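What the coordinates show
Residues per chain are reported as follows:
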Amino acid sequence: MMQTQALQRSHYDVIVVGARCAGAATAMLLARAGANVLVVERDTRGSDTLSTHALMRTGVALLHRWGVLPAVVAAGTPAVRRATFVYGDETLAVAVKPDRDVDALFAPRRMLVDRLLADAATTAGAEFLYGASVDGLSRDAGGRVIGAQLQCFDGTRLAVPAGIVVGADGRQSTVARVVGAAELRRSEHLSAALYAYVPEVASPGYRWAYRPGASAGAIVTNGDVHCVFALLPRPQLRELLRSDPRTALVEGVALADPELADQICNAEATRQPRRFLGAPGHLRQAHGPGWALVGDAGYFKDPITAHGITDALRDASLLATALNEDGPDALAEYQRQRDALSVDLFEATDAVASFAWNLDDLKAHHARIADAMAREQTHMFPDPPPSRRAA
């Protein structure tokens, strides 16, 4: 049996639980600022995970700012310069306009972008412990979190002290559960999804399609394939899944996008379609004494608007800034900014996931989402002040 690697330190400034995009990005930024960081991840390095993959402008701009985007491009991730919205029989093509150092969008596979962020964190000095999970937190006499108790793949148990523990361990976060993070908002609706990777799909870029009661789409990603998906009310998807999953995918896509369904009906997916039967969205308390949450651990919403990875990168940036400032109100300001940037996206996504809309209603929801995304971009990348001419 493999033995757990020896840790390099007896105490860390930060323990980050979870090495996906939120955790790896947080660790990278903190390590670049000089913190001693340990990242704990239960899965193996570079493993894949379910995702719609699409990065929005803020996500791409953050990868550019951090110097990670060139590696995403070098790995063959297709540049997306057009998004297509299909509302019933109406098709709208929207060009990606150059702005804030971004002239294209990207939808990298998670086994690529998560690994690249982890590699950048390692280069900055962060330490990674794979095959380990957190099964408890250590506290001082006043109740402040002062470290994590780890369970390793070979049965080894470790108690590791730290200045703060960051939960980046997903929507079912152990850290959030152990600290009792309050749920500030909870969604009322959810969609259920069926995904597959399909070669030779003709649709360029991002394609989102809608008809009353159904949504589908295709996102171009690495390996000359598209992530093709159907998003439906849970009972309807369960009914479709009574047949073969590949048949169910074609039938589900056809409910929203018959043209796309025709393209994939004879295509061989690279693997069996995967299902996600939905989960309620949440906005949780983001911090407390000795702990903080980032990514889905703190903020999760339905995948029907495909903003999750961008959320994760945005909040990693906000949290790292707060931890680097280390003032008495820094984490409270992190939560305030996260919530201010999230509430409209959260509520509009919940409305879309209800499927209780006609196409005009849906366009109004999408306009609200676009406005929220524009505010997010401005917050994360404020325009420089105009230069002053010498008198």
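Structural notes, computed from the coordinates. (Residues numbered from 1 in each chain as written. Predicted model: local features only at pLDDT ≥ 70, side-chain atom pairs only at ≥ 80, totals over all residues. Heavy atoms only, no water.)

Along its 18 residues, helix α9 (residues 308–325) runs 26 Å from first to last C-alpha, staying within 8% of the 26 Å computed at 1.5 Å per residue. With 14 of its 18 residues buried, α9 lies for the most part within the structure. The first or second residue beyond α9 is D326, which carries a positive phi of 60°. (Helix = DSSP H or I, 4+ residues; strand = E, 2+ residues; numbered from the N terminus. Expected span 1.5 Å × (residues − 1). Buried < 20%, exposed > 50% of the residue type's maximum accessible area, 1.4 Å probe, protein only.)

This brings us to the pairing of strand β11 (residues 206–211). Burial analysis of β11 places five of its six residues in the buried class, the great majority of the element. Both strand β3 (residues 82–87) and β11 contribute to a ladder of five bridges, which runs parallel. Considered in β11, the bridge of Y87 is made with Y210. Bridge count between β11 and strand β12 (residues 214–221): six bridges; the pairing is antiparallel. In the sheet register, R211 faces β12, and the bridge partner there is A214. Joining the antiparallel neighbours β11 and β12 is a turn of two residues, in which G213 adopts a positive phi near 85°. (Pairing = 2+ DSSP bridges.)

So, about the packing of aromatic side chains. Following the criterion strictly, the structure yields nine aromatic pairs and no others. Ring geometry for Y206 and W208: centres 5.8 Å apart, planes at 70°, overall edge-to-face. Accessibility expressed as a relative area gives 2% for Y206, which makes it buried. Take W208: its relative accessible area is 7%, and that puts it in the buried class. Summarising the aromatic geometry, the rings of Y210 and W357 are spaced 6.4 Å apart at their centres and angled 80° between planes, so their arrangement reads as edge-to-face. Of the two residues, Y210 sits in strand β11 while W357 sits in the loop between α10 (330–353) and α11 (359–380), which places them 147 residues apart along the sequence. Given the relative accessible area of 3%, Y210 is considered buried. Feature note: the residues F85, Y87, Y210, F355 and W357 constitute an aromatic cluster, connected by ring pairs. (Phe/Tyr/Trp six-rings, centres within 6.5 Å; stacked < 30°, edge-to-face > 60°.)

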